[in-house]
Amino acid sequence: MSIVELFILAVGLSMDAFAVSICKGLSLGKIKPKHMCIAGAWFGGFQALMPLIGYYLGSLFADMVTRYSHWVAFALLLAIGGKESLGEEENVSNDMGFKSMLLLAIATSIDALAVGVSLAFLKVAILPAVLFIGCITFVCSAAGVKIGSIFGDKYQSKAELCGGIILILIGIKILLDGLGIL
């Protein structure tokens, strides 16, 4: 996986966290830099942790399905991307406490678990990949809080749609690569 593909994947994965962060910024009204850092740390941390877990789970059975890995990656990314682009609006309170942020971080990173399984099939160097995904998500989430405090939730659904489309396109590219078309 090239750095460009990884960047596109990271941005696609971060769109849920970005959308929720926009809502957090909206609900908080006047924000402080600590709000941006809290959202970035929670969402970025979980977007890094979940693909790592998925990668190691996928590695357990990757050798058995190597011949079909491009189909598995395509199916997972298609399902995740479809869910993202057709997802329901999330209601987000102004609570930045442990329980609230933990639940949001898990909810916005479940798709990253499945992506981690796909990365295992593709034999991607996982540590640099998850660090990159986590950093991109940190930046997007911190920016989302700021943007939400300025612009409101006007762009939330567009961000989720964009993220879903990106994941679907990555899945199609992986399938076409695996079939030898690209």
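Everything below is about the structure printed above this text.
Residues numbered from 1 in each chain as written. Predicted model: local features only at pLDDT ≥ 70, side-chain atom pairs only at ≥ 80, totals over all residues. Heavy atoms only, no water.

Remarks on the nonpolar core
Step number 1: Counting 22 residues, the largest nonpolar core has Leu9, Leu13, Leu119 and Ile133 as the members making the most contacts within it.
Step number 2: When contributions to this core are tallied by element, the ones reaching two or more residues are helix H1 (3–28), helix H2 (33–61), helix H4 (98–121) and helix H5 (126–151).
Step number 3: Tallying contributions element by element places H1 first for this core, with eight residues.
Step number 4: Core analysis: the second largest hydrophobic core is formed by 13 residues, Ala39, Met101, Ala105 and Val145 among them. (Core = buried A, V, L, I, M, F, W, Y, C linked by side-chain atoms within 4.5 Å. Buried < 20%, exposed > 50% of the residue type's maximum accessible area, 1.4 Å probe, protein only. Helix = DSSP H or I, 4+ residues; strand = E, 2+ residues; numbered from the N terminus.)

Let's talk about the packing of aromatic side chains
Step number 1: In total, this model carries four aromatic pairs according to the counting rule given.
Step number 2: Ring-pair connections join several aromatic residues into one group, and the members of that group are Trp42, Phe46 and Phe98. (Phe/Tyr/Trp six-rings, centres within 6.5 Å; stacked < 30°, edge-to-face > 60°.)

Describing the packing of H1 against H4
A pair of packed helices is captured by two measures, namely the crossing angle of their axes and the spacing between those axes.
Step number 1: Contact pair H1 / H4: the axes reach a minimum separation of 10 Å and the direction vectors enclose 170°. As judged from the angle between their axes, H1 and H4 are roughly antiparallel. Each of Leu9, Leu13, Asp16, Ala17, Val20 and Lys24 in H1 lies in contact with H4, whose residues at this interface are Ser100, Met101, Leu104, Thr108, Asp111, Ala112, Val115 and Leu119.
Step number 2: Counted by class, the contact of H1 with H4 contains nine nonpolar, two polar and three charged residues. (Axes fitted to C-alpha atoms, helices over the stretch in contact; angles between N-to-C directions. Parallel < 35°, antiparallel > 145°, perpendicular 65-115°, else oblique. Contact = heavy atoms within 4.5 Å. Nonpolar A, V, L, I, M, F, W, Y, C, P; charged D, E, K, R; others polar.)

So, the packing of H1 against H5
Step number 1: Packing of H1 against H5 leaves a shortest axis separation of 7 Å and a crossing angle of 35°. In this structure, H1 meets H5 at a crossing whose hand is right-handed.
Step number 2: Tallied by class, the residues present in the contact of H1 with H5 amount to 19 nonpolar, eight polar and no charged. (Left-handed = near helix turned anticlockwise from the far one by under 90°.)

Regarding a nonpolar patch on the surface
Step number 1: Among the surface-exposed residues, Leu49, Ile53, Leu57, Leu60 and Phe61 lie close enough to one another that they form a single nonpolar patch of about 460 Å² accessible area.
Step number 2: Here Phe61 shows up in helix H2. (Patch = residues over 30% accessible without salt bridge, like charges linked within 9 Å, V, L, I, M, F, W, Y side chains within 5 Å. Areas by Shrake-Rupley, 256 points an atom, 1.4 Å probe, with all protein chains shown as cover. Salt bridge = Lys/Arg side-chain N within 4 Å of Asp/Glu carboxyl O.)

As for the environment of Ile110
Step number 1: In this fold, Ile110 is placed in helix H4.
Step number 2: Its relative accessible area of 43% is what places Ile110 among the partly exposed residues.

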